[in-house]
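Residue-level structure breakdown
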Amino acid sequence: MKIRLRRRVIRDISEGLRHAGKASAASAFSFLLVLLAAILPGCAGRVDGARKPPEVAANPAPADLAREAARAATEPSTAVAVPITAAETPQPLAIDTNLVVDQDVTLMARMSGIVEEILVDRGARVKKGDILLRLVNKDLGLLLQRAQIVARQKQAEFERARRLFAEKTLSDAQFDEVKFALEAAENEVEIAREDLEKSLIRAPFDGLIIDRFARLGQRVVEDRNEPLFRLTALAPLLARLYVPEGVARSLRQGDQVQVRPRYQAGVSVTGTIDWISRVIDASSGTRQAIVSIRGGGRQGSLEPGSTVTVVFAPESANEGVLIPPAALEKRPESGPRSIARVEVLENGKRTWRTVRLGNSRGDAVEILEGLRPGEKVLLERAIP
């Protein structure tokens, strides 16, 4: 029985080698191992009293690698060519940002003293010049009154001296002495009035009291820069943007844009471009611009800190090439955000190309340089 089994194995091996034709020795050896495993599936432990053959090493044989390469060459690739989409007409450019104001200050005392009276609280709307807080200033008021009395006395003396000087009964030196004494008294009045004014905290512009830090009876010291109020203006509202160079070149001061609050459906106001930087940021390829919204706070639709989308008109937008974001090669965190690579199908060959990125537009990303409309990129996806 064992002899017949051996003869059958040898005959099957010879038949397999004849079919292998011009196969290499490594391929023949691999075929031998596969054939032995197929013919003797139940043989384990010993064959004709021999020990169990050692297991095949984990590394693949050369024949296995050759078969994998041949299979990969015949199977379809998992990369699917996707045509690039280029808009025939300029597309509106939308940039998200938050509204700010230039006038947002913390008010502090200009002199040391005790807080005697607080006239406004958080949330109060104030006008320029309104008194917000008063320090104890009775002594300053008395000093002002004394300076005013002295000034009136000097004024009366000057009037008498002027009459005498006109009658030629008063010398020039005596008249000048009286005149200079009046001027000094008037200066003392202004100094006393300014000291009294320092004890009052007034609103420097129209706005809203965002926060109040002052407390009744609090002693404030001028050199400590202790905050008393935070005051912010409600208009004009400003949007600071970083606009791609291609778009910024077509913008001019005074151009109008649409400003849409993110969390207020159906609301849109008109903004005006107040300023565009003449310097291009080398790392991002953008210019800084400032858009102002006049009256947005008074209408109640917009307020400082609101999240908005600034939409530029189509005629001032860039005609870019759009591709799916998944077509971009994954970039390292430390790399520049404006540069990426895509795999392009060119003349039937797959090549990598460096591109410069623009803005994201919905489910597509804008390519400013490196690709032309009509070219094809490769989008890696699994084939089911």
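Higher on the page you've got the structure.
What comes next is a walk through the structure.

1. A short note on the pattern of salt bridges
- According to the stated counting rule, one finds 19 salt bridges in the structure shown.
- The partner of Asp-121 in a salt bridge is Arg-212, and the shortest N-O contact between them spans 2.9 Å. Pair noted here: Asp-121 is in the loop between β5 (113–118) and β6 (125–126) and Arg-212 is in strand β9 (residues 207–212), with a separation of 91 residues, a long-range link.
- The partly exposed category is assigned to Asp-121, whose relative accessible area is 37%.
- For the salt bridge of Glu-329 with Arg-341, the shortest nitrogen-to-oxygen distance reads 2.8 Å.

2. Overview of the packing of aromatic side chains
- Following the criterion strictly, the structure yields 2 aromatic pairs and no others.
- Measuring from centroid to centroid gives 5.6 Å for Phe-158 and Phe-175, while their planes differ by 35°, and the two rings are tilted. Taken as a pair, Phe-158 in helix α4 (residues 138–166) and Phe-175 in helix α5 (residues 172–198) lie far apart in primary sequence, 17 residues in all.
- Centre to centre, the rings of Phe-165 and Phe-175 are 4.7 Å apart; their planes meet at 20°, and the pair counts as stacked. Residue Phe-165 is found in helix α4, and its partner Phe-175 is found in helix α5; the two are separated by 10 residues along the sequence.
- Overall, the relative accessible area of 12% leaves Phe-175 in the buried class.
- Joined through ring pairs, the aromatic side chains of Phe-158, Phe-165 and Phe-175 make up one cluster.

3. Some details on the sheet that holds strand β8 (residues 200–202)
- Spatial ordering of the open sheet is given by β8-β7-β5-β10, a layout of 4 strands whose pairing is antiparallel. Two strands lie at the open edges of the sheet, namely β8 and β10 (219–220), each paired on one side alone.
- Where strand β7 (residues 131–135) meets β8, 3 bridges bridge the pair, whose relative direction is antiparallel. Note that in β8 the partner of Ile-131 across the bridge is Arg-202.

4. As for α4
- If you check α4, its first and last C-alpha atoms are 42 Å apart, about what 29 residues at 1.5 Å a residue would give, namely 42 Å.
- Buried within α4 are the following residues: Leu-140, Gly-141, Leu-144, Ala-147, Ala-151, Phe-158 and Ala-161.
- Residues of α4 that are buried make contact with α5.
- Of the residues one or two after α4, Lys-168 is the one with positive phi, at around 65°.

5. Focus on the pairing of strand β3 (residues 93–100)
- Pairing analysis gives 6 bridges linking β3 to strand β16 (residues 307–312), with the strands arranged antiparallel. Along β16, the bridge assignment pairs Asp-96 with Thr-309.
- For β3 and strand β12 (residues 237–244), the ladder comprises 2 bridges, and the chain directions are antiparallel. Paired with Val-100 across the strands is Leu-238, a residue of β12.

About the thresholds
- Residues numbered from 1 in each chain as written.
- Predicted model: local features only at pLDDT ≥ 70, side-chain atom pairs only at ≥ 80, totals over all residues.
- Heavy atoms only, no water.
- Salt bridge = Lys/Arg side-chain N within 4 Å of Asp/Glu carboxyl O.
- Helix = DSSP H or I, 4+ residues; strand = E, 2+ residues; numbered from the N terminus.
- Buried < 20%, exposed > 50% of the residue type's maximum accessible area, 1.4 Å probe, protein only.
- Phe/Tyr/Trp six-rings, centres within 6.5 Å; stacked < 30°, edge-to-face > 60°.
- Pairing = 2+ DSSP bridges.
- Expected span 1.5 Å × (residues − 1).
- Contact = heavy atoms within 4.5 Å.

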